[in-house]
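A look at the structure
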Amino acid sequence: QVQLVESGGGLVQAGGSLRLSCAASGLTFSNYAMGWFRQAPGKEREFVAAINWSSSNTYYADSVKGRFTISRDNTKDTVYLQMNALKPDDTAAYYCAADLTAPALTIATPNPVHWGQGTQVTVSS
């Protein structure tokens, strides 16, 4: 059974940092591109960042470019999202996802093969 388990969310003040982790099991992690999405209350889920299997290519939403960094460790079957200079608008539930290619995670209507359950990030002003 495939599981993607996010951790690292919490409450942080504006300008602060958090690092999210997503630990994968039940799949050959290095065969998948990984991504992060987020969903704020009353809003649709939106793409945040993606990384291909080898870490050679990364993709970011314009709203987080320069502040967030996605990375992965294929020896630990884990993908990370380092979030710096956090803003109240970054408040959302953050989800990791696995798909066959990284570009597939960036399209307007992504359909990842696997989703995590999410971790809440709250940024206070």
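Residues numbered from 1 in each chain as written. Predicted model: local features only at pLDDT ≥ 70, side-chain atom pairs only at ≥ 80, totals over all residues. Heavy atoms only, no water.

1. Considering the pattern of salt bridges
This structure, assessed with the given rule, holds four salt bridges. The closest approach of N and O atoms between Asp62 and Lys65, which form a salt bridge, is 3.1 Å. Using a relative accessible area of 66% as the deciding quantity, one classes Asp62 as exposed. With a shortest N-O distance of 2.8 Å, Arg67 and Asp90 are connected by a salt bridge. One end of the pair, Arg67, is in the loop between strand 6 (58-60) and strand 7 (68-73); the other, Asp90, is in the loop between strand 8 (78-83) and strand 9 (92-99), with 23 residues separating them in the sequence. By relative accessible area, which is 1% here, Asp90 ends up buried. (Salt bridge = Lys/Arg side-chain N within 4 Å of Asp/Glu carboxyl O. Buried < 20%, exposed > 50% of the residue type's maximum accessible area, 1.4 Å probe, protein only. Helix = DSSP H or I, 4+ residues; strand = E, 2+ residues; numbered from the N terminus.)

2. A look at the state of the cysteines
One pass over the structure, following the stated rule, counts one disulfide. Residue pairing for Cys22: its cysteine sulfur links by disulfide to Cys96, the two sulfurs lying 2.0 Å apart. Across the S-S bond of Cys22 and Cys96 the torsion is about 40°, and the bridge reads as right-handed. Separated by 74 residues along the polypeptide, Cys22 in strand 3 (residues 18-25) and Cys96 in strand 9 bring together distant segments of the chain. (Disulfide = S-S within 2.5 Å.)

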